[in-house]
Amino acid sequence: MIIFSRLAEQKIEEAVRNGELDNLPFAGKKLPIDDLSHLPEDMRMSYRIMKNAGYVPEEVTLRKECVQLYDLLGAARNEGEQDQLRRKLNEKQLRLQLLMEQRGLSANSAFAQYETQVRDRLTREE
């Protein structure tokens, strides 16, 4: 592991000498905080890699869709529209529940510990 750190430091020093880091978007400014404190420490790196690659786990997408459907259901005034939204919401919730069971997340103690925080964050984002 020390070899990789040393190689990385050498590459960074070389890039600084060549001016390759002079025009970066946050040059001279604070970097935005990538807060993953709500995740267990051993999962943070993998989530950061997935996030940087633009990958969002299916369970996150389903939770977000459930929140949106729930909000739409609350705003719907037409009975037919409410029924349609209720069906979609039930389908998404069932799919999410099955997915969580398949991945063993419903019995995962780390997930149980952070589930509320994840749900709160999803409802705040949009």
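Residues numbered from 1 in each chain as written. Predicted model: local features only at pLDDT ≥ 70, side-chain atom pairs only at ≥ 80, totals over all residues. Heavy atoms only, no water.

**Quick notes on helix 4 (residues 79-102)**
For helix 4, spanning 24 residues, the distance from its first C-alpha to its last is 34 Å, which sits close to the expected 34 Å at 1.5 Å a residue. Three or more residues of helix 4 are buried, namely Q82, L85, L89, L96, L99 and M100. Its side-chain oxygen 2.7 Å from the backbone nitrogen of G80, N78 forms the N-cap of helix 4. (Helix = DSSP H or I, 4+ residues; strand = E, 2+ residues; numbered from the N terminus. Expected span 1.5 Å × (residues − 1). Buried < 20%, exposed > 50% of the residue type's maximum accessible area, 1.4 Å probe, protein only. Polar contact = N/O pair within 3.5 Å; in protein donor to acceptor, adjacent residues only side chain to side chain.)

**Some thoughts on the confidence of the model for the protein**
When pLDDT is averaged along the protein, the result is 81, and 78% of the positions lie at 70 or above. Ranking the helices and strands of the protein by mean pLDDT puts helix 1 (residues 2-17) first, with 91, and helix 5 (residues 109-125) last, with 64. (pLDDT = per-residue confidence, 0-100.)

**Structural notes on the pattern of salt bridges**
Applying the stated criterion to the full structure yields three salt bridges. Here R95 ties to E58 by a salt bridge, and the two come within 3.1 Å at their closest N and O atoms. Placement of the pair is R95 in helix 4 and E58 in helix 3 (residues 58-75), with a sequence separation of 37 residues. Linking E65 and K92 is a salt bridge whose minimum nitrogen-to-oxygen distance equals 2.7 Å. Of this pair, E65 sits in helix 3 while K92 sits in helix 4; the two residues are 27 residues apart in sequence, bridging distant segments of the chain. (Salt bridge = Lys/Arg side-chain N within 4 Å of Asp/Glu carboxyl O.)

**Regarding the side chain of Q82**
Position of Q82 among the secondary structure elements: in helix 4. In this structure Q82 comes out as buried when scored by relative accessible area, which is 17%. Residues within four places of Q82 in sequence aside, it is in contact with L73, A76 and R77. (Contact = heavy atoms within 4.5 Å.)

**Quick notes on the UniProt feature "coiled-coil region" (unreviewed entry) in the protein**
UniProt records the feature "coiled-coil region" (unreviewed entry) at residues 75-102, using the numbering of this structure. From the first C-alpha to the last, residues 75-102 spans 33 Å; its make-up is 89% helix and 0% strand. (UniProt positions renumbered as here; feature names shortened; annotations may be inferred.)

**Structural notes on the packing of helix 3 against helix 4**
Packed helices, taken two at a time, are described by their axes: the angle between them and the distance between them. In contact at an axis separation of 9 Å, helix 3 and helix 4 are set at 155° when each is read in the N-to-C sense. When the axis of helix 3 is compared with that of helix 4, the two are roughly antiparallel. The interaxial crossing formed by helix 3 with helix 4 has left-handed handedness. The residues of helix 4 that touch helix 3, namely those facing E58, E59, L62, R63, E65, C66, L69, Y70, L72 and L73, are Q82, L85, R86, K88, L89, K92, Q93, R95, L96, L99 and M100. Residues of the contact of helix 3 with helix 4, tallied by class, amount to 11 nonpolar, two polar and eight charged. (Axes fitted to C-alpha atoms, helices over the stretch in contact; angles between N-to-C directions. Parallel < 35°, antiparallel > 145°, perpendicular 65-115°, else oblique. Left-handed = near helix turned anticlockwise from the far one by under 90°. Nonpolar A, V, L, I, M, F, W, Y, C, P; charged D, E, K, R; others polar.)

**Some points on the environment of T61**
Mapped onto the secondary structure, T61 falls in helix 3. On the basis of relative accessible area, T61 is assigned to the partly exposed category, the value being 32%. Linking T61 and L96, residues 35 residues apart in sequence, is a C-alpha distance of 9.4 Å.

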